[in-house]
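What follows is the residue order along each chain.
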Amino acid sequence: MDIFSAIGAAFLLYVFSYTAILLVSDCDVRLLFASIFGRRKLREFKGKVVWITGASSGIGEYIAVALASHGAKLVLTARNEVELQRVKTRCLESGKLSPEDVLVLPMDITDVSRHQSSFDKVLQHFNQVDILINNAGRSQRATWEQIELQVDREMFELNVFSNVNLSRMVSKYFLEGKGGHIVLTSSIAGLMPVPFSPTYSATKFALHGYYGSLFREKAGKNIKVTILCPGPVFSNLLPACFTNVAGEKFGETHSSNDSRMTTERCAFLSIIAIANNLYEVWMAKFPLLFITYLGVYCPNFSLWMFKRVGTNMVQRLRDNRVTVQNP
């Protein structure tokens, strides 16, 4: 066998092995290996101060509980103080933290005028911040041509500008001190746009632009960046989705038969990614993870396949339904 045949055989073996892993994995290959071999790094969360926005439910809540089990001190932010107190109680059940180790900090993240005063409260309580997890945000179910422009504005205010403003504030603190880690909850929809969520997809693409620039600008400096890209996850976010009408919520719940990742699993993979300082990670069950790889690495083939599979199949994979009904 000559050298070119050997290279070709090695490449085919690589592609076959990679594909086989994707058929059984619920995350990208790098994150999969970190989840197997990088668990020891979770102990490094002990004593770290982690500020989580959107912490009153869903992925934010479960990330908080997972971090608490490894001794991280927490700042829990969302609008609903009652739900934040409930999450705090869950975090304390690990037995690794005292009540003073979990600060409940209610705030409407879109009220950027409160960001500095809230940050001051965090520093006053803990005297430091090590990790900021920008998890606040809402999804969307609506058809493209029916969406009111006000919906686009409100979604960008919540999903993009509020996160960016808080991150800029904290990044200045990191650069002036010992550094830190900025984490963003994005979505598979930030890698390839999905039907019936045009504004949501746009906000997630925008976030990749913002934080991708931050990552490259501060490469080698003392700010780490991690972008979490989950697919469908079992949480309470679907009823609260934006629609095409400003001020309206989708109101429907997901089905127990949906092909969704559990929130607990998503949170575990998220903290593994943070602990191992991974830049961008993908989390989704088969076949969505495989479709994501095709969409990113083989875009022309992916578009060809999408035209033949159709929107209905994609929506069925996402929400176990065929279409989105607008009012």
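Residues numbered from 1 in each chain as written. Predicted model: local features only at pLDDT ≥ 70, side-chain atom pairs only at ≥ 80, totals over all residues. Heavy atoms only, no water.

With that out of the way, let us pick up the pairing of strand β5 (residues 180-185). Counted residue by residue, β5 has six buried out of six residues, so it is predominantly covered. By the alternation rule, side chains of β5 split into G180, I182 and L184 and H181, V183 and T185, which are all buried. The sheet contact formed by strand β4 (residues 131-134) and β5 spans four bridges and is parallel. Counted as the bridge partner of I133 is V183 from β5. For the crossover from β4 across helix α6 (residues 149-176) to β5, the handedness is right-handed. In this fold, the crossover linking β5 to strand β6 (residues 223-230) by way of helix α7 (residues 198-217) has right-handed handedness. (Buried < 20%, exposed > 50% of the residue type's maximum accessible area, 1.4 Å probe, protein only. Helix = DSSP H or I, 4+ residues; strand = E, 2+ residues; numbered from the N terminus. Pairing = 2+ DSSP bridges. Right-handed = clockwise from strand over helix to strand, strands pointing away.)

Note that L67 resides in helix α3 (residues 58-68). Look at L67 and you get buried, because its relative accessible area is 1%. Remark: the alpha-carbon pair of L67 and L132, spanning 65 residues in sequence, is separated by 13 Å. Setting aside anything within four residues of it in sequence, one finds L67 in contact with F45, V50, I52, A72, L74, I133 and I271. (Contact = heavy atoms within 4.5 Å.)

Attention shifts here to the pattern of salt bridges. Counted under the stated rule, the structure contains six salt bridges. The partner of R265 in a salt bridge is D26, and the shortest N-O contact between them spans 2.9 Å. Of this pair, R265 sits in helix α8 (residues 263-275) while D26 sits in the loop between α1 (3-24) and α2 (29-37), and the two are 239 residues apart along the sequence. The partly exposed category is assigned to R265, whose relative accessible area is 27%. The partner of R90 in a salt bridge is E61, with the nearest N and O atoms 2.6 Å apart. With a gap of 29 residues between them, R90 in helix α4 (residues 81-92) and E61 in helix α3 connect regions that are remote in the sequence. Several salt bridges converge on common partners, so that one network encompasses E61, E83, R86 and R90. (Salt bridge = Lys/Arg side-chain N within 4 Å of Asp/Glu carboxyl O.)

The volume enclosed by the second largest pocket comes to roughly 310 Å³. As for the second largest pocket, its lining consists of 16 residues, and the residues nearest its centre are K48, D130, I131, H181 and K224. For the lining of the second largest pocket, the elements supplying multiple residues, two or more each, are β5, β6 and α8. Among the residues making up the lining of the second largest pocket, the classes are represented as five nonpolar, five polar and six charged. (1 Å grid on protein atoms, 1.4 Å probe; cavity = no way out; pocket = protein on both sides within 12 Å on 5 of 7 lines; lining within 4 Å. Points joined across faces, edges and corners; volume = space filled by probe spheres on them. Nonpolar A, V, L, I, M, F, W, Y, C, P; charged D, E, K, R; others polar.)

Strand β1 (residues 49-53) sits mainly inside the fold: five of its five residues count as buried. The alternating pattern of β1 places V49, W51 and T53 on one face and V50 and I52 on the opposite face, and all of these are buried. Two strands pair when backbone bridges link them, and β1 and strand β2 (residues 73-77) are joined in this way by five bridges, in the parallel orientation. Opposite V49, over in β2, you have K73 as the bridge partner. Taken together, β1, α3 and β2 form a β-α-β motif whose crossover is right-handed.

A few words on the sheet that holds β2. Read across the open sheet, the seven strands follow the order β3-β2-β1-β4-β5-β6-β7; overall the sheet is parallel. Looking at strand neighbours, the two that pair on one side only are β3 (102-104) and β7 (280-283), the edges of this open sheet. Between one strand axis and the next, the sheet turns through 15° on average, direction left out of account. Packed onto the sheet, α7 meets β4, β5, β6 and β7 and runs at close to 155° relative to β6. Most of the contacts of α8 go to β6, to which it runs at about 155°, and overall it touches β4, β5, β6 and β7. (Axes fitted to C-alpha atoms, helices over the stretch in contact; angles between N-to-C directions.)

Turning our eyes to something else, we now look at the packing of α6 against α7. When two helices pack together, their arrangement is given by the angle between their axes and by how far apart the axes lie. At their nearest, the axes of α6 and α7 sit 9 Å apart, and the two run at 20° to each other. By the angle between their axes, α6 is roughly parallel relative to α7. In terms of crossing hand, the pair formed by α6 and α7 is right-handed. Of α7, the residues touching α6 (which contributes V151, D152, M155, F156, N159, V160, F161, N163, V164, S167 and R168) are T199, Y200, A202, T203, A206, L207, Y210 and Y211. (Parallel < 35°, antiparallel > 145°, perpendicular 65-115°, else oblique. Left-handed = near helix turned anticlockwise from the far one by under 90°.)

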